[in-house]
Amino acid sequence: MALITVSSPHAHGPMSTATVMRLVLLATLPGVFALTYFFGFGTLTNILFAALLALGMEAAILKIRKRPIGFYLNDGSALVTAILLGIALPPASPWWILAVGILFSIVFAKHLYGGMGYNPFNPAMVGYVVLLISFPVQMTSWVAPIGNFDGSVLGPIDALVRTFSASSVDAVTAATPLDVLKQNNSLLIEDLWASNSQFGSLAGVGWEWANVGFLLGGLFLLYKRVFTWHAPISMLIALTLLSAIFYDGGSSASGGSPMFHLFSGATMLGAFFIVTDPVTSAVSNKGRIIYGACIGVLIYLIRVWGNYPDAVAFSVLLMNFAAPLLDHYTQPRTYGHKKKTLQKETD
Amino acid sequence: MRKIFDIHGGVHPPENKVQSLSRGIESAGIPPVLVHPLSQHIGAPATPIVEVGQRVLKGQMIADAKGFVSAPVHASSSGTVSTIEHREIPHPSGLLARCIVIDTDGKDEWIELDPVEDYTALEKADLLHRIRDAGIAGMGGAGFPSAVKLSTRDDVVIDTLIINGTECEPYITADDILMRERADQIIAGVKILQHLIQPTKQTLIGVEDNKPEGIAALRAAAEGSNIEVVVFPTKYPSGGEKQLIQILTGREVPSGGLPADIGVVCQNIGTTVAIHRAVQYGEPLISRITTVTGEACSAPGNFEVLLGTPVDYLLKLGGFQQDQCIRLVMGGPMMGFTLRDTAVPVVKTTNCLLAPTQKELPPPPPAQACIRCGMCAEACPVSLLPQQMYWFARGKEYEKLEEHNLFDCIECGACSYACPSNIPLVQYYRASKAEIRKQQQEKVKSEHAKARFEARQIRIEREEAEKEARRKARQEAAKKKAAAGKDPIKAAQAKAAPAADPAQAAIEKAMAKRSGNAPEETNEEKLARLKKAVETAEKRLESATAKLKEAEAADAPNLGALQTAHERMTEKFAKAKEELQQFEQASTEAPSTGDPAADAIARAQAARAKNADKSPREKAEEQVASLEKRLSKSEQKLAEAKESGSETAEVLEQSTAKLRDKLDAARAELAQLSESEAPVAAAASTNDPAQLAIEKAMAAREAAAKLSPEDKAKKALESLEARVEKTRTKLAEAEESGADTVDVLRDTLAKLEDKLAEARKEAGVEG
Ligand code: SF4
Ligand code: SF4
């Protein structure tokens, strides 16, 4: 009788890496839906082309690296990177922007560091930052949300056309609310709100709903135990605290209300889809709390005092640097040991 | 309500316990053949005490425990011993080991038992003896001999006795059914344990909350006693001994330590029943409850199985369908191991046979890259960082692994279970542990070799120096002799002067050095001291043995170090004993004359006389011969151990290697001696340190005789000062290095200081 001999445990939990990735993709849906509703089909074309490019580049580089292509493509990590980048880029970005972004995400940030699991920096954020620095004009021209101009948002065809020839379809672009707030130095927040049609009830029109969408997706992932609460929640708390401290009741120098910060820009996307990237974050729970909180603080600092209107990408990359250090200093105390692992070390 | 503590991590695999609980305990009956492995427990395998062809009765001891950490084996039914041979036994490694095979006769005839009416009247040692003789070893899965676990040292206060009824592994229900059906026996066993351990604070039975019926039965049976049944939430691996202790008491067993270190003794619930039966009825451990389950079994259930029953016989009772099963697990799905063959027997630790279908427990898919998700760390009950350990294990960074407390890993498999990338983490840890152990052993070996080499170098140098010194001393002595025209020894005896005399001191010092003694000690004192030294050495040896044994049982990482320590202790003990003997002999040979100098000289002469007729070469030859004998013995043992797949094989291998090295060294020495035989023989008369010391002392005294009393005092003072200084530095060194000579040195120093003070006073009065 042929009995196999395998090492224990013989049972395995329900979670697999592919499942994790699928759940993450699923969780982006509400946010993507909100973005599409308010800003048109540009986000979807972004996602579509980013995904195709990512899969193609991943397959190519796997082939060059002589790795089993199907096996690795199946883990879904390239897809997740592509979709996050697609969401983060201005809707209906030109194809070459997407191509450069994916090239840097997949090839440079991921595979040149050894591939899945070995990359110290979040690939999507690397791609984003490279683009932001290289093509600041394209990267900051965000289409205006629905209701802010006459006519409708980009339809699927328009979005496609715009992707392939940036000049032929002129979408109405507008400064994002974070931009507006940053440029402001004369109006009280209240007046600013009133005089700009970009502002909605919580934050910016469209932006607030996109953030709500990503928040919902994030809560779903939390419920599914795809990640722990530590990093995202501590990031949101840090951001809330800082913005509350510096709100000063809404003067013209105010940094904006906590609500505004929580529901503007890439806050929720960052908190639940970027900061939680397991590969590039700190590992222990304590480490993740510090990691998340530092990102929250950095986001606020860069948004209010830095040169870039949104700051999630920079903050995350900065903390990616620090993650190994955090891991080193936040090792848990092992059962039966008095001291932490680190304290026994001689180095 | 009692406070329940939580453990870190843990996972919640599907329990799958109901399948085997639909029926009560059923007897598995008597199989035609029983296979009793000699090693069903942690520790040394038992030694067979029956012969092939011999008829044995049910409950008859057929193999006796060998050594302290061991357990005997009993025939589980009557029949004839058909063979004693190597067979495959249930062990993760799929080892072959010696087994006693019995053809049963179906009569199931009991041997005469020796029940105890009132165990409370028994001495602790007697009770332990009964438990040991009954062959009881932890039935939860580890199989540690219970008597060993229960023999706590007298100076350790145990305040909590914990009975482990957690059974946290999925599928297994052996303890559950035992609680439901035999709660009375469990409680009776716990009471015996209470009597034995005398826990000063509490006796707790820990059960997970997924066994409501078992809990109710236990509570009913424990009614009116001071045994508390504590229920806590189900979570794997709450049933690990350390985890259970944490859940119930909030205390953590120190890393590398034992539960007794924090006042806890822990026993499995099945073991308590075995202890009850052993004490109350005199029945040895010959059967156990085993769960047969899994979807490839059409009639899952719990069976009371005679130990030694072949697995296939038992599986048949559970309706096992071979064609549906490619993986057969002994134990649970989390920590059990796969069997290669269904012919292996049920042993003392077999709590479950799990025959899953492929669908139920699919073969593991290929591992994907680690995504650093941290789910493994989240699941680890020991708060390790499995993911980091995985990287280090892959990179073979063993130091880092140890820094990350690899050896605290209980191999529970929670991390592997949780890992979304299907990485067989535990496998990596097991392999790394084995590798580290191997390296440690090798390191110990090479360190020994180095130490031996260095010691040899030093000895050679010293011998050179001594030769030179002797030559000088001889010349001088000859001169003096010619001048005095007297036999120096007699002169020395006649002139035996007060202790302040430097020559006298030198003699004593030489004598003292010879026997590793402090100066100025009367015979009685010395005898007492030597006796005490023997005692301490014995005690230390005992404690080292105990520690070693524990470490072996617990598979501790410091095993190698402990072994060396143990060996050192053994040597020390032997040396101390020898010294005592020598001294006793010497004192009878040369009765004390009251004069220490004369005594010392007499002793020295006696010792010399004893050794004089043995040339170094003869000595070396003797040593080689004795080493050869020891080596062949230990090689034989090693072969046996290897054959039987015993756990001691490793240890034996080490000690054999050591012996071999020693023998090589001895042989080399002998060869050298043979080469230099002629000169050695020529120098034989002066080759003796005692002679040398005497000569030196004589010379010194001669010189001293020429000095004025003042000068003498001054010289004595100086020499004393020098000695005090020297002793001080030695003491400081010893203290720094934690050597065990510290005490002796301290004594010596104190005495010397007294003497110095006296001498100073005298000198002061005189000056
Ligand atoms: S659970 Fe697996 S994939 Fe996740 S960090 Fe641990 S080893 Fe890596
Ligand atoms: S097997 Fe070891 S590392 Fe993994 S969870 Fe259990 S104790 Fe932790």
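- Going by the annotation in an unreviewed UniProt entry, the name recorded for chain B is Ion-translocating oxidoreductase complex subunit C, with Litorivivens lipolytica given as the source organism.
- A UniProt comment under Function (unreviewed entry) is attached to chain B, and it reads "Part of a membrane-bound complex that couples electron transfer with translocation of ions across the membrane."
- You can read under Subunit (unreviewed entry) in the UniProt record for chain B the words "The complex is composed of six subunits: RnfA, RnfB, RnfC, RnfD, RnfE and RnfG."

- The name given to chain A in an unreviewed UniProt entry is Ion-translocating oxidoreductase complex subunit D, with the source organism recorded as Litorivivens lipolytica.
- Quoted straight from UniProt, the Cofactor (unreviewed entry) entry for chain A says "FMN".
- The record held by UniProt for chain A lists under Subcellular location (unreviewed entry) the comment "Cell inner membrane".

**Re the UniProt feature "modified residue: FMN phosphoryl threonine" (unreviewed entry) in chain A**
All names here are of chain A.
Argument step 1. According to UniProt, the "modified residue: FMN phosphoryl threonine" (unreviewed entry) feature falls on Thr176.
Argument step 2. With respect to the helices and strands, Thr176 occurs in the loop between β2 (173–174) and α9 (177–183).
Argument step 3. Sequence-distant contacts of Thr176, defined by excluding residues within four places in its chain, comprise Trp142 and Trp207.

**Considering the sheet that holds strand β8 (residues 96–104) of chain B**
All names here are of chain B.
Argument step 1. Reading across from one edge, β2-β8-β7-β4 is the order of the four strands in this open sheet, with antiparallel pairing throughout. Of all the strands in the sheet, just β2 (33–37) and β4 (55–56) have a single pairing partner and so form its edges.
Argument step 2. Pairing between strand β7 (residues 79–88) and β8: nine bridges, direction antiparallel. Paired with Arg87 across the bridge in β8 is Ala97.

**A look at the packing of aromatic side chains**
Residues and elements named next belong to chain B.
Argument step 1. Per the counting criterion, the structure on display carries 14 aromatic pairs over all chains.
Argument step 2. Measuring from centroid to centroid gives 5.1 Å for Tyr390 and Tyr428, while their planes differ by 80°, and the two rings are edge-to-face. Of this pair, Tyr390 sits in helix α9 (residues 386–394) while Tyr428 sits in helix α12 (residues 425–484), and the two are 38 residues apart along the sequence.
Argument step 3. Judged by its relative accessible area of 3%, Tyr390 is buried.

**Side note on the nonpolar core**
Argument step 1. With 152 residues, the main nonpolar core has A:Phe273, A:Tyr291, B:Leu150, B:Ile205 and B:Leu218 as its most contacted residues.
Argument step 2. Broken down by element, the residue count for this core peaks at 12 residues, all from helix α3 (residues 174–197) of chain B.
Argument step 3. Residues B:Cys376, B:Leu384, B:Tyr398 and B:Val426 belong to the second largest nonpolar core, which totals 35 residues.

**Quick look at the site of ligand 1**
Argument step 1. In the vicinity of ligand 1, the residues found are B:Cys370, B:Ile371, B:Arg372, B:Cys373, B:Gly374, B:Cys376, B:Gln387, B:Cys419, B:Pro420, B:Ser421, B:Ile423 and B:Leu425.
Argument step 2. Split into classes, the residues belonging to the shell around ligand 1 amount to eight nonpolar, three polar and one charged.

**A short note on helix α15 (residues 285–305) of chain A**
Argument step 1. Counted at 1.5 Å a residue, the expected span for α15(A) with its 21 residues is 30 Å, and the 30 Å between its end C-alpha atoms agrees.
Argument step 2. Among the residues of α15(A), those classed as buried are A:Gly287, A:Arg288, A:Tyr291, A:Gly292, A:Ile295, A:Gly296, A:Ile299, A:Tyr300, A:Ile302 and A:Arg303.

**Regarding the state of the cysteines**
Residue and element names in this part refer to chain B.
Argument step 1. Counted by the stated rule, this structure contains zero disulfides over all chains.
Argument step 2. This cysteine, Cys168, is not joined by any disulfide, and Cys412 carries the nearest cysteine sulfur, 8.9 Å off.
Argument step 3. Look at Cys168 and you get buried, because its relative accessible area is 14%.
Argument step 4. Sulfur of Cys352: no disulfide; nearest cysteine sulfur belongs to Cys297 and is 9.1 Å away.

**Quick notes on the pattern of salt bridges**
Residue and element names in this part refer to chain B.
Argument step 1. If you walk through the whole model with that rule in mind, you get 26 salt bridges over all chains.
Argument step 2. Of the charged contacts, one joins Arg251 and Asp159 as a salt bridge, the two residues approaching to 3.2 Å between their closest N and O atoms. With a gap of 92 residues between them, Arg251 in the loop between α5 (241–249) and β12 (264–268) and Asp159 in the loop between α2 (146–150) and β9 (160–164) connect regions that are remote in the sequence.
Argument step 3. Overlapping salt bridges, with partners in common, bring together Arg55, Asp105 and Glu109 in one network.

**Notes on the confidence of the model for chain B**
Residue and element names in this part refer to chain B.
Argument step 1. Mean pLDDT over chain B: 80, with 79% of residues reaching 70 or higher.
Argument step 2. Predicted confidence is poor over residues 494–500, with pLDDT under 50, and the contacts of this stretch with residues over four places away or in other chains come to 11 contacts.
Argument step 3. The model gives residues 589–593 a pLDDT under 50, and that stretch makes seven contacts with residues more than four places away or in other chains.
Argument step 4. Here the predicted complex carries an ipTM of 0.79, next to a pTM of 0.67.

Rules used throughout
- Residues numbered from 1 in each chain as written.
- Chains lettered and ligands numbered in written order.
- Predicted model: local features only at pLDDT ≥ 70, side-chain atom pairs only at ≥ 80, totals over all residues.
- Heavy atoms only, no water.
- UniProt positions renumbered as here; feature names shortened; annotations may be inferred.
- Helix = DSSP H or I, 4+ residues; strand = E, 2+ residues; numbered from the N terminus.
- Contact = heavy atoms within 4.5 Å.
- Pairing = 2+ DSSP bridges.
- Phe/Tyr/Trp six-rings, centres within 6.5 Å; stacked < 30°, edge-to-face > 60°.
- Buried < 20%, exposed > 50% of the residue type's maximum accessible area, 1.4 Å probe, protein only.
- Core = buried A, V, L, I, M, F, W, Y, C linked by side-chain atoms within 4.5 Å.
- Near = heavy atom within 4 Å.
- Nonpolar A, V, L, I, M, F, W, Y, C, P; charged D, E, K, R; others polar.
- Expected span 1.5 Å × (residues − 1).
- Disulfide = S-S within 2.5 Å.
- Salt bridge = Lys/Arg side-chain N within 4 Å of Asp/Glu carboxyl O.
- pLDDT = per-residue confidence, 0-100.

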